[in-house]
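# Tertiary structure, described
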Amino acid sequence: MYGIPVPRYALVNREYPYQELDYFVEEEDFVEVHGNRFWKPFVEKPVEGDNHSVMIYYPSSAGGGMKALFRKVGNRSSEFHPEVRRVRREGSYIYEEFLPTGGTDVKVYTVGPEYAHAEARKSPVVDGVVMRNPDGKEVRYPVLLTPAEKQIARDVCIAFRQAVCGFDLLRCEGRSYVCDVNGWSFVKNSYKYYDDATCVLRKIILDAKAPHLSTTIPPILPWMVHQPVHPSEGLPRHGSGIIGNFGQSEELRCVIAIIRHGDRTPKQKVKLKVTEEKLLNLMLKYSGGRPRAETKMKSAVQLQDLLDATRALVPRARTGRESDSEAEDIEHAEKLRQVKAVLEEGGHFSGIYRKVQLKPLKWEKVTKSNGEVEERPTEALMVLKYGGVLTHAGRKQADELGRYFRNNMYPGEGTGLLRLHSTYRHDLKIYSSDEGRVQMSAAAFAKGLLDLEGPLTPILVSLVSKDSSMLDGLENASIEMDEAKARLNEIITSEAKIVHDNYSEEPWMTDGAGLTPKASELLAKLVKLTKKVTEQVRLLASDEDEKLVETSLYNVICPYDQAKALGKTNIDVDRIAAGLPCGSEGFLLMYARWRKLERDLYNERKDRFDITQIPDVYDSCKYDLLHNAHLNLEGLDELFKVAQLLADGVIPNEYGINPRQKLKIGSKIARRLLGKILIDLRNTREEAIGVTELKSNQDLNSETPRAAKEDTDHNFKLHGTMESTRRSSFNSDRSMDQDDDDDKETKYRLDPKYANVRTPERHVRTRLYFTSESHIHSVMNVLRYCNLDESLQGEPSLVCDSALDRLYKTKELDYMSYIVLRMFEDTEVALEDPKRFRMEMTFSRGADLSPLERKDTKASTLHLDHTLPIMGPERLQDLRSYLTLEMMEKMIRPFAMPAEDFPPPSIPHGFTGYFSKSSGVLERLVNLWPFHKHGSNAAKKASKQSTKNQAEEISKK
């Protein structure tokens, strides 16, 4: 009837507890009600209105678990329960889709259908910690409702027949939804609200009893008629804080960061051909019975089925090799044992860490009992991918880097980034690739950036958006990368000397720059040392295997411990004290890791090196040197040094053997990301220009009653006019809002007059892109070498020579490395001047490996907590260089996805009323003010003075 927008929902009604309902189905990652499927995350609410036990269930891809919401108790409003995965069945419940809101809820309070007051608060779904002021009240900030939200408030008030009514709004992806109606409810602590409520009630009484007086009395309290409005303080002016000081007129407008994930376990892969009927039947089960279809298994149910089948196939005890003819059978059994160990690792399943592919290779025709002939697979290739899990150190690194950004990347906000964010003046969006380690790094970073508490799963679901098309994959540049690796292999194995004679001043311009001259000699040494470490781990694994067989632990799976896997930020002291590997990896899997590296690095039968395995050897060395130093593996230190020398040359050159090839590969990999960054910068610029132009117009019109009146926008048509006038105004507002709804990135704004914020119009856009090593190298290479493009001949590099030299010597962009682009606006420069907007570029090489190479006290401390520090930012420009936004756009545009391939640019809702298509609303609203037309002379005079004061206030903000 009223069209009140609510989340999609379904009702499950039980007549008695635990009643089985044929229309209700629950699976691992969804519930289905009457054929309507609700995928996790979803919300479960009791039907009884007085029961406030609301629960949110999270998908296995985010770690699973449940968050229970409840009435505030002390400083808590929710608790996360990682072990709970099944929904409740003891009563009747409503199931709703979960709407991510960026960590903020909006509480709306009406006093009649013509008035609504709105406040934002920290959402309980993020970390459950209640923010309170010194008086013990929950911290809330008054915010402005959009025209669509004002209509929602009116509809709720009328539909529930409740003049004084409170309800909750969820703002999600540009739209607002009502998730809860509380009924009779008042604002807890707001003089503004109670003053307005007084005026509203007075108007209602006068309309009923003395309509002839109603339109003659100003819609403000008597003692406030002649009260002057104090102008707000001017904006504080702040320079960058990192690259020089460019004067006191600069303001930070935008922060864009491309960030690599944190410390992880080594990535692993097991390949084996299987002919066992149990495994082939499993493949058919999950391929829908299609004998030639490939099957991918990631869910807990699928992986449990595979584990059950593998356990039945793995021999209980190992037999020694009796002849060479049994070698293949023994290797096959070893791989099955490895698959089983991987699936049992940690005692839990999570789709973001392990996945299995079963691809049929051979088939045969089989005649069924009824005479029909069907095709069945007889052999399949099984590929198990695992590892690459964010470690406790990775989570700690990401959290600490988030805190560093909060304290150092946002200069000038006296009350800090948290206040900027909680008052709708910080436009934050966090994007992640599809990889689990990247998602969890993004969540841990957000935790530190916004000073959140508790597990990562709720933070991940609430604040992080996945965009695999922008941040995943190397397939777009696979051909060029294969060419680079082939040439790199030729340089290393042919013992060719790298000559820098022609580029003595620019060594980074050489083919194969960074390769050590003795690479071929080091390769042989690398193989020898790898075998030495592998043999030591084999002996440790043999001892572990014997103990497992003796205690019959092969058929026992550990209790579920997903909470520890995702929430832990400290090392497992008990495991280390017992002489076991760090984390959940046992010696059997550790041996499988090193044995595979040994085999893949050098093929003895073909006498052939595979240089693409050098980064993997380096990763394993680095991981064990940091996390498993307590195992005292002899030769590991030396192996690390050799692997590092080779990796320093191989890793950068995999993304291009020379600058032009690096530029081409970088553009192909990061094309979409670079395009999105240009859109971010353009939208920020247009937003800033729109605000400045409106302010200028307001200055010119500050003496007229047509100036903007903030109260009118906040208290939509607060003091009622004729019904037809109200309807036409709402229709106009709604059509304007409909235009804005087409925008993809909706913004909201603070109520600047009553928020007790010194700089209410200050607005900062933050875009964080979490990804893997490939995108960090790709973006950096475009920044370094974009001037080599034919269309940009003659232009200098965006990166200065000293920074190019540092990058050449840096070699590796390690865990938590990042590139930051910050845009500043000089408000004293003319709008049309290119120097109005300045860009600043910095980078960090991430985790500092140097402590691993020392034997001092600092190295000992780092070995104790297994965490390497993140290096601070370094300049990519000269100290006093001035890079305009216009120049950066010109240099990057040839390598970025064109803007027309993206959604249309947004005009942020956060500044509704500040932009050209909204400015007319201010005039319409002023004309609606009743006492302009019908009031007494005294009322008109008071109104004019009030309007003038407000216009002056707005012009100075």
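What counts, and where the lines are drawn
- Residues numbered from 1 in each chain as written.
- Predicted model: local features only at pLDDT ≥ 70, side-chain atom pairs only at ≥ 80, totals over all residues.
- Heavy atoms only, no water.
- Helix = DSSP H or I, 4+ residues; strand = E, 2+ residues; numbered from the N terminus.
- Contact = heavy atoms within 4.5 Å.
- Areas by Shrake-Rupley, 256 points an atom, 1.4 Å probe, with all protein chains shown as cover.
- 1 Å grid on protein atoms, 1.4 Å probe; cavity = no way out; pocket = protein on both sides within 12 Å on 5 of 7 lines; lining within 4 Å.
- Points joined across faces, edges and corners; volume = space filled by probe spheres on them.
- Nonpolar A, V, L, I, M, F, W, Y, C, P; charged D, E, K, R; others polar.
- Salt bridge = Lys/Arg side-chain N within 4 Å of Asp/Glu carboxyl O.
- Buried < 20%, exposed > 50% of the residue type's maximum accessible area, 1.4 Å probe, protein only.
- Pairing = 2+ DSSP bridges.
- Axes fitted to C-alpha atoms, helices over the stretch in contact; angles between N-to-C directions.
- Lys, Arg positive; Asp, Glu negative; His and termini not counted.
- Polar contact = N/O pair within 3.5 Å; in protein donor to acceptor, adjacent residues only side chain to side chain.
- Patch = residues over 30% accessible without salt bridge, like charges linked within 9 Å, V, L, I, M, F, W, Y side chains within 5 Å.
- Phe/Tyr/Trp six-rings, centres within 6.5 Å; stacked < 30°, edge-to-face > 60°.
- Lys NZ or Arg CZ within 6 Å of the ring centre and 35° of its normal.

### Brief notes about the overall build of the protein chain
On a plain count of helices and strands, the protein chain comes out with 28 helices and 28 strands. Residue pairs in contact within the protein chain that sit at least 24 positions apart in sequence constitute 75% of those at least 6 positions apart. Summing over all exposed atoms, the protein chain offers an accessible surface of approximately 42,200 Å²; the carbon and sulfur share of this is 50%.

### Quick notes on the environment of Lys 531
Secondary-structure assignment places Lys 531 in helix α13 (residues 519-550). Along the sequence, Lys 531 and Trp 594 sit 63 residues apart, while their C-alpha atoms lie 8.4 Å from each other. Residue contacts for Lys 531: discarding those within four places in its chain leaves Glu 598 and Glu 604.

### So, empty space enclosed by the protein
Picture a little ball the size of a water molecule; that probe, rolled over the atoms, points out where space is still empty. Within the structure shown, the criterion is met by 13 cavities of 30 Å³ or more. The volume enclosed by the second largest cavity comes to roughly 180 Å³. Residue assignment for the lining of the second largest cavity shows that the elements contributing at least two residues are α18 (636-653), α22 (773-785) and α23 (801-810). The element best represented in the lining of the second largest cavity is α22, accounting for five residues. Split by residue class, the lining of the second largest cavity holds eight nonpolar, five polar and four charged.

### Structural notes on the pattern of salt bridges
Applying the stated rule across the entire model yields 58 salt bridges. In this structure, the salt-bridge partner of Glu 138 is Arg 140, at a minimum N-O distance of 3.1 Å. A single burial state applies to Glu 138 and to Arg 140, both of which are buried. Its salt-bridge partner being Asp 600, residue Lys 596 comes within 2.7 Å of it at the nearest N-O pair. Here Lys 596 pairs with Asp 600, and both are found in helix α16 (residues 587-601), just four residues apart, close to one helical turn. Three or more residues joined by partner-sharing salt bridges are found here, namely Lys 72, Asp 105, Glu 119, Arg 121, Glu 138 and Arg 140.

### Description of the pairing of strand β4 (residues 36-39)
In terms of strand pairing, strand β3 (residues 30-33) meets β4 through four bridges, oriented antiparallel. Residue Val 33 lies in a different strand from β4, and its bridge partner there is Asn 36. Linking β3 back to β4 in an antiparallel pair, the connection comprises two residues, with His 34 at a positive phi of about 55°.

### Looking at the sheet that holds strand β7 (residues 66-73)
Spatially, six strands are ordered β1-β9-β5-β6-β7-β8 in an open sheet, and the strand pairing comes out antiparallel. Strand pairing shows two members of the sheet lacking a second neighbour, β1 (9-12) and β8 (76-81), which therefore form its edges. The mean angle between the axes of side-by-side strands here comes to 25°, regardless of whether they run parallel or antiparallel. Bridge count for strand β6 (residues 54-57) against β7 is four bridges, and the pairing is antiparallel. Paired with Met 55 across the two strands is Ala 68, which belongs to β7.

### So, the side chain of Asp 263
Along the chain, the position of Asp 263 falls in the loop between β15 (250-260) and β16 (267-274). Of the buried charged residues, Asp 263 lacks a salt bridge, with Lys 622 as the closest side chain of opposite charge at 6.7 Å. A polar side-chain atom of Asp 263 sits 2.5 Å from a polar atom in the side chain of Thr 391. In this structure, Asp 263 is in contact with Val 389, Leu 390, Thr 391, Ala 393, Gly 394, Gln 397, Leu 626, His 627 and Tyr 815, ignoring residues within four places of it in sequence.

### So, unusual backbone geometry
With an omega of 5°, the peptide bond between Lys 40 and Pro 41 qualifies as cis. The topology assignment puts Pro 41 in the loop between β4 and β5 (42-46). The backbone phi angle of Glu 173 is positive, close to 50°, even though this residue is not glycine. Residue Glu 173 is classed as exposed on the basis of its relative accessible area of 70%. At Met 816, a position not held by glycine, the phi torsion is positive, near 65°. Its location among the elements puts Met 816 in the loop between α23 and β25 (818-826).

### Thoughts on a nonpolar patch on the surface
Side chains of Trp 184, Phe 186 and Tyr 194 sit close together on the surface and give an oily, nonpolar patch of about 340 Å² of accessible area. Secondary-structure assignment places Tyr 194 in helix α2 (residues 191-209). Residue Tyr 194 is classed as partly exposed on the basis of its relative accessible area, which comes to 38%.

### Some words on the environment of Asn 787
Position of Asn 787 relative to the elements: it lies in the loop between α22 and α23. Sequence separation between Asn 787 and Leu 798 is 11 residues; the distance between their C-alpha atoms is 7.6 Å. In contact with Asn 787, not counting residues within four places along its chain, are Leu 792, Gln 793, Glu 795, Pro 796, Ser 797 and Met 891. For Asn 787, the side chain forms a polar contact with the main-chain oxygen of Glu 795, separated by 3.4 Å.

### What about the packing of aromatic side chains?
Here the structure, examined in full by the defined rule, presents 15 aromatic pairs. Centroid distance Tyr 431 to Tyr 769: 5.3 Å. Interplanar angle 10°. Geometry classified as stacked. With Tyr 431 in strand β20 (residues 426-432) and Tyr 769 in strand β24 (residues 764-771), the pair connects residues that are 338 residues apart, well separated along the chain. Through successive ring pairs, a cluster of aromatic residues spans Phe 24, Phe 42, Tyr 57 and Tyr 95. Its end group placed over the ring of Trp 363, Arg 292 keeps NZ or CZ at 3.8 Å from the ring centre. The lysine or arginine in question, Lys 622, covers the ring of Tyr 815, its NZ or CZ lying 4.6 Å from the ring centre.

### Some thoughts on the pairing of β24
Burial of β24 is extensive: eight of the eight residues sit out of reach of the surface. The two faces of β24 match: Val 764, Thr 766, Leu 768 and Phe 770 on one face and Arg 765, Arg 767, Tyr 769 and Thr 771 on the other face are all buried. Looking at chain direction, β15 and β24 are connected through seven bridges and run parallel. Residue pairing in the sheet places Ile 258 in a bridge with Tyr 769 of β24.

### Examining the sheet that holds strand β10 (residues 104-111)
Taken in spatial order, the five strands line up as β12-β11-β10-β13-β14 in an open sheet, and their pairing is antiparallel. Edge positions in the sheet fall to β12 (141-142) and β14 (175-183), since each of these pairs with one other strand and no more. Running at roughly 140° to strand β13 (residues 164-172), helix α1 (residues 147-159) makes contact with β10, β11 (116-122), β13 and β14 of the sheet.

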